[in-house]
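# Survey of secondary and tertiary structure
Listed below, chain by chain, are the residues.
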Amino acid sequence: MSDTVIINEVGLRDGLQNQPVTVDTDTKARLARLLVDAGVRYLEPVSFVSPKAIPQMADAAALTPRLPADEGLHYTALVPNLKGYQLARDAGYRTVALVLSTTDTFNQRNLNMSLEQAAASCESIIAAARKDAVATRTYISGAFACPYDGPVPVSLPQQLTERMFAAGSDEVAIADTIGAGNPKQMKDIMTPLIREYGAEKFFVHLHDTRGLAAAMAWEAADLGVRRFDASVGGLGGCPFAPGATGNMATEDLVYLLESCGLKTGVDIQGLRDVVALAAEATQRPLGGRILEWMASQEKRGKTPCLW
Ligand code: COA
Ligand code: ZN
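Please read these numbers as outputs of a predicted model, since none were measured by experiment.

Each value, and the rule that gives it
- Residues numbered from 1 in each chain as written.
- Chains lettered and ligands numbered in written order.
- Predicted model: local features only at pLDDT ≥ 70, side-chain atom pairs only at ≥ 80, totals over all residues.
- Heavy atoms only, no water.
- Helix = DSSP H or I, 4+ residues; strand = E, 2+ residues; numbered from the N terminus.
- Rg over C-alpha atoms; globule rule 2.2 N^0.38 Å.
- Buried < 20%, exposed > 50% of the residue type's maximum accessible area, 1.4 Å probe, protein only.
- Contact = heavy atoms within 4.5 Å.
- Lys, Arg positive; Asp, Glu negative; His and termini not counted.
- Charge placed at Lys NZ, Arg CZ, Asp CG, Glu CD.
- Donors = N, O, S within 2.8 Å, 3.2 Å for Na, K, Ca; no water.
- Phe/Tyr/Trp six-rings, centres within 6.5 Å; stacked < 30°, edge-to-face > 60°.
- Core = buried A, V, L, I, M, F, W, Y, C linked by side-chain atoms within 4.5 Å.
- Near = heavy atom within 4 Å.
- Polar contact = N/O pair within 3.5 Å; in protein donor to acceptor, adjacent residues only side chain to side chain.

## Regarding the overall build of the chain
Scanning the chain from terminus to terminus reveals twelve helices and ten strands. Relative to a compact globule of 307 residues, whose C-alpha radius of gyration would be 19 Å, the chain shows 18 Å and is just as compact. With the principal axes as the frame, the chain shows a C-alpha extent of 60 × 40 × 35 Å. The burial tally for the chain puts 58% of its 307 residues in the buried class. Once local pairs closer than 6 in sequence are excluded, the contacts in the chain between residues at least 24 apart make up 74%. The positive charge centre, built from 29 side chains, and the negative charge centre, built from 35, are 1 Å apart in the chain.

In structure tokens form, the structure reads like this:
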């Protein structure tokens with residue numbers, strides 16, 4: 001099992017889509033630069049969605065050419081439908097993130113589609129992407145619970161995963177969109193999927209609403225998952241998932257994984273600059289637990305020793 005972990009930074013998309021303050025394109029580009037300087041190599045900076053649904057993402061096409069173009073960077077754009085896919089492809093994205101929620105209600109609120117319509121829509125996006133040689137990662141959103149209908153059985157995200165792989169999705173992300181899952185559910189959902197498809201096919205996307213994100217991340221890592229989403233400073237939330245708080249903070253995830261001997265390539269000190277700018281831009285306090293601890297050490301005149 002590899003000890004290298006991919007950290008996919010989704011703060012610019014999942015984080016900023018839900019902020020009352022719309023962050024301008026210039027600041028988003030600066031945040032992306034700082035993230036890359038901190039060692040982040042995978043980023044989801046935009047979604048190509050209806051600007052009426054998510055005005056915070058209306059600058060997706062304008063932001064894209066302003067993102068760092070260093071070698072070895074991997075960008076994804078979230079796309080809710082075929083139109084979004086075409087816009088992302090035309091903007092130059094070589095990987096797109098699709099969304100399929102586990103219930104009718106959540107798909108309806110998020111995409112204005114039933115579960116069946118959303119699954120069929122994902123299948124047509126995957127087919128189009130395969131023709132264009134664009135890679136697809138399908139997010140099974142609300143995999144642990146639906147914000148409207150409550151807990152979902154583990155068989156549901158498993159069946160949707162199977163359907164999306166059968167349609168040709170390159171990867172699947174298991175998403176606890178509202179932060180309502182627990183490590184046992186993670187194990188129950190992931191164990192048969194990993195056995196069937198291999199851990200390298202999966203991303204895990206966690207929100208820390210009830211404080212179990214770190215435990216769930218470690219459970220996934222222990223099962224062999226090496227690809228995680230996170231948001232710098234714990235930014236995040238979904239406008240169509242009431243009660244969901246931010247993603248697991250990138251710095252806390254990096255600390256968790258590195259302290260257990262895995263390699264992320266991301267520098268927590270570097271992330272502090274990103275958190276500072278993101279907090280200023282969104283006008284809200286941000287930062288994971290590890291940053292609080294580092295600041296408290298420094299206040300006492302100590303240099304925080306992370307490992
Ligand atoms: N990007 C930009 N505009 C889009 C679009 C896209 N991907 N898809 C549709 N539109 C536009 C249409 O052109 C149309 O514009 P018009 O009113 O000027 O003619 C309008 O949006 C309505 O189109 P329609 O196909 O009827 O969409 P809808 O009203 O049923 O909304 C979605 C469906 C998917 C476009 C909308 O719900 C959405 O963008 N959701 C995103 C949800 C999201 O990002 N959630 C968080 C991340 S999971
Ligand atoms: Zn999310």
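## What to know about the coordination of the zinc ion (ligand 2)
Around the zinc ion (ligand 2), the protein supplies Asp14 (OD), His205 (NE2) and His207 (NE2) as donor atoms, at distances of 2.0 to 2.1 Å. Within one chain, the residues serving as donors to the zinc ion (ligand 2) are arranged as D-x190-H-x1-H.

## Comments concerning the environment of Pro242
Structurally, Pro242 can be placed in the loop between β10 (227-230) and α10 (250-259). Separated by 61 residues in the primary sequence, Pro242 and Gly181 place their C-alpha atoms 16 Å from one another.

## Points about the packing of aromatic side chains
Overall, the coordinates contain five aromatic pairs when judged by the stated rule. Between Phe48 and Tyr93, the ring centres sit 5.9 Å apart and the planes meet at 70°, which makes this aromatic pair edge-to-face. Pair noted here: Phe48 is in the loop between β2 (42-47) and α3 (60-63) and Tyr93 is in the loop between α4 (82-90) and β4 (95-101), with a separation of 45 residues, a long-range link. Of the residues examined, Phe48 reaches a relative accessible area of 7% and is grouped as buried. Here Tyr197 and Phe202 contribute two aromatic rings whose centre-to-centre distance is 6.5 Å and whose plane-to-plane angle is 70°, an arrangement assigned as edge-to-face. Given a relative accessible area of 23%, Tyr197 falls into the partly exposed group. One aromatic cluster is present, built from ring pairs that chain together Phe165, Tyr197 and Phe202.

## Description of the nonpolar core
The biggest cluster of nonpolar side chains holds 87 residues, and the ones touching the most others in it are Leu100, Ile174, Phe228 and Leu253. When neighbours within four sequence positions are excluded, Leu100 is seen to be in contact with Asn107, Leu115, Ala118, Ala119, Cys122, Thr138, Tyr139, Ile140, Ser141, Leu160 and Met164. Ala97, Val99, Ala173 and Phe203 belong to the second-largest nonpolar core, a separate cluster that totals eight residues.

## A closer look at the site of ligand 1
Not every one of the 19 residues close to ligand 1 is listed here, only the nearest: Phe48, Ser50, Asn81, Asn110 and Asn112. Val49 has a polar backbone atom sitting 3.3 Å from a nitrogen atom of ligand 1. At 3.0 Å from an oxygen atom of ligand 1 is found a side-chain nitrogen or oxygen belonging to Lys52. Only α4 and α5 (104-111) provide two or more residues apiece to the shell around ligand 1.

## Re the side chain of Lys28
Looking at the secondary structure, you find Lys28 in helix α2 (residues 25-37). Lys28 gets classed as buried once you look at its relative accessible area, which sits at 1%. Among the polar contacts listed, one links the side chain of Lys28 to the side chain of Asp59, at a separation of 2.8 Å. Among residues more than four places away in sequence, those in contact with Lys28 are Leu12, Leu16, Val23, Gln56, Met57, Asp59 and Leu63.

## Digging into α10
Here α10 lies mainly inside the structure; eight of its ten residues are buried. All of the buried residues along α10 are Thr250, Glu251, Asp252, Leu253, Val254, Leu256, Leu257 and Glu258. Structurally, α10 contributes buried residues whose contacts are with β1 (6-9), α9 (213-222), β10, α11 (268-282) and α12 (289-299). Positive phi appears at Gly261, one or two residues downstream of α10, with a value of about 95°.

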